[in-house]
Amino acid sequence: MAIPLQLLFLPITFLLMTSLIRFSQAAGIATYWGQTTSEGSLVDTCRKGTYDYVNIAFLINYGGGQTPQLNIAGHSLNSSEIETCQGLGIKVFLSLGGAANLSSSDDAQQVASYIWNEFLGGNESDSRPLGNAVLDGVDFHIQAGKADYLADLVQALSKYNTPERKLVYLSAAPECFIPDYFLDAAIKTGHFDYVWVEFFDNPPCEYTPGNTSALFNSWDRWASYTGINTLFLGVPADPAVSPSGGYIPPQVLIDEVLPFVQNYSSYGGVMVWDHAHDLNYSETIRPYVSKSQIQYYAAI
């Protein structure tokens, strides 16, 4: 029996259509919590429903024989809050801040072991500051101290992952000027899952009112930079947190900036600095942060 001609064309048409479209992954919003006493609890932050990644800021005094200290502006924090956030699908990271002071590769390995056992999946500690909660990963927000051996620390933390299971996600928050003095070598290891570049407080690579060229040129360079896997656009939640500029009004971000950065395959979302100043910025932009689920390359 002869097959109708129309049926013969259906498989060809389907293949043609699928070759002309791509499905994009959902993008997300990251932020930092723990900077001021007035910003509310971690669990309240997570329940806002606007964030996909929350960095607990900061762990300081690490390396060089120092005693690490969790400095979160006097907030109390327990394992149930972290587990509640994770139950909502939010990845919770420990952010390394302050002045880096690693003295050697061995020192970096010791700091990695400390972080693993005190905050991640290790069990060789009786003094875990956050109880039994297992954080999802480690963020590097380092803008002071020494750049030495930070790449070794990244390598050491990444070794806790196995081909079968991802146990430690890694992220970094470099400034937008390339190369970042502190994190460049660490980024080039390729082990950072997310890099949320701070496109503010740095006039050569930030948005200025009515002018996106410096921002777009910088984003383009970062998108193809060695070691970048998933790239986030770091923006200030309020002009008050970026005295040197770079604040992007939400509507400008929605109308001009997001359509540009979303064209890059490495685009992963937006990092909003920081939660304490984020009154409604993330809520306003959230519906627009993800790419369209289907993007057509050509019409059929």
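Residues numbered from 1 in each chain as written. Predicted model: local features only at pLDDT ≥ 70, side-chain atom pairs only at ≥ 80, totals over all residues. Heavy atoms only, no water.

## With respect to the pairing of strand β10 (residues 194-198)
So, point 1. In terms of burial, β10 is a largely internal element, five of the five residues being buried.
So, point 2. Here β10 shows no split at all, with Y194, W196 and E198 on one side and V195 and V197 on the other all buried.
So, point 3. Pairing of strand β9 (residues 169-172) with β10 involves two bridges; the strand directions are parallel. Its bridge partner lying in β10, S171 is registered against Y194.
So, point 4. Summarising the sheet, β10 and strand β11 (residues 231-236) pair through four bridges and their orientation is parallel. Bridge pairing in β11 places W196 opposite F232. (Buried < 20%, exposed > 50% of the residue type's maximum accessible area, 1.4 Å probe, protein only. Helix = DSSP H or I, 4+ residues; strand = E, 2+ residues; numbered from the N terminus. Pairing = 2+ DSSP bridges.)

## Some remarks on the nonpolar core
So, point 1. Formed by 80 residues in total, the largest nonpolar core has its most connected members in I56, F140 and W222.
So, point 2. Not counting residues up to four positions away in its chain, the partners in contact with I56 are W33, L42, L70, I72, L77, I82, V92, F93, L94, S95, L130 and L135.
So, point 3. Residues Y53, W196, F200 and V241 belong to the second largest nonpolar core, which totals 15 residues. (Core = buried A, V, L, I, M, F, W, Y, C linked by side-chain atoms within 4.5 Å. Contact = heavy atoms within 4.5 Å.)

## Thoughts on the state of the cysteines
So, point 1. Evaluation of the coordinates by the stated rule reveals two disulfides.
So, point 2. The partner cysteine of C46 in its disulfide is C85, sulfur to sulfur 2.0 Å. Around the S-S axis, the bridge from C46 to C85 shows a dihedral of about 95 degrees and counts as right-handed. One end of the pair, C46, is in helix α2 (residues 42-47); the other, C85, is in helix α3 (residues 79-87), and 39 residues separate them in sequence. Both residues of the pair, C46 and C85, belong to the buried class.
So, point 3. The disulfide that involves C176 links it to C205, with 2.1 Å between the sulfurs. Because the torsion about its S-S bond is 70 degrees, the bridge between C176 and C205 counts as right-handed. (Disulfide = S-S within 2.5 Å.)

## Details of the packing of aromatic side chains
So, point 1. As enumerated under the stated definition, the model contains 22 aromatic pairs in all.
So, point 2. Each ring, one from Y181 and one from F182, has its centre 4.8 Å from the other, and the planes form 90 degrees; the classification is edge-to-face.
So, point 3. Through pairs of rings, three or more aromatic residues link up here, namely Y53, F93, Y169, Y194, W196 and F232.
So, point 4. For the cation-ring pair, K91 lies above Y169, with the distance from its terminal atom to the ring centre recorded as 4.8 Å. (Phe/Tyr/Trp six-rings, centres within 6.5 Å; stacked < 30°, edge-to-face > 60°. Lys NZ or Arg CZ within 6 Å of the ring centre and 35° of its normal.)

## Details of the confidence of the model for the chain
So, point 1. Residues of the chain with pLDDT of at least 70 account for 89%, and the chain-wide mean is 91.
So, point 2. Here residues 5-24 is a poorly scored stretch, pLDDT under 50, and it has 23 contacts once near neighbours within four places are set aside; other chains count.
So, point 3. Segment residues 293-300: pLDDT under 50, and 18 contacts once partners within four positions in sequence are set aside and those in other chains are kept. (pLDDT = per-residue confidence, 0-100.)

## Here we look at the pairing of strand β3 (residues 53-60)
Regular strands place their side chains on alternate faces of the sheet.
So, point 1. Within β3, eight of the eight residues are buried, which leaves the element mostly enclosed by the surrounding structure.
So, point 2. As paired strands, strand β2 (residues 28-33) and β3 are joined by four bridges and run parallel to one another. Across the sheet, the residue bridging to A30 is Y53, located in β3.
So, point 3. Crossover β2 to β3 through α2 is right-handed.
So, point 4. Both β3 and strand β5 (residues 91-96) contribute to a ladder of six bridges, which runs parallel. (Right-handed = clockwise from strand over helix to strand, strands pointing away.)

## Looking at helix α8 (residues 250-261)
So, point 1. For α8, the full list of buried residues reads V252, L253, I254, V257, L258 and V261.
So, point 2. Buried residues in α8 make contact with α7 (213-223), β11, β12 (267-273) and α9 (281-289).

## Let's talk about the packing of helix α4 (residues 105-119) against helix α5 (residues 150-158)
So, point 1. Two numbers describe how α4 lies on α5: the axes approach to 8 Å, and their chain directions differ by 45 degrees. What the angle tells us is that α4 and α5 run oblique. The element α4 and its partner α5 pack so that their crossing is right-handed. Note on element contacts: α5 touches α4 through D152, L153, A156 and L157, opposite S105, A108, Q109, V111, A112 and I115. (Axes fitted to C-alpha atoms, helices over the stretch in contact; angles between N-to-C directions. Parallel < 35°, antiparallel > 145°, perpendicular 65-115°, else oblique. Left-handed = near helix turned anticlockwise from the far one by under 90°.)

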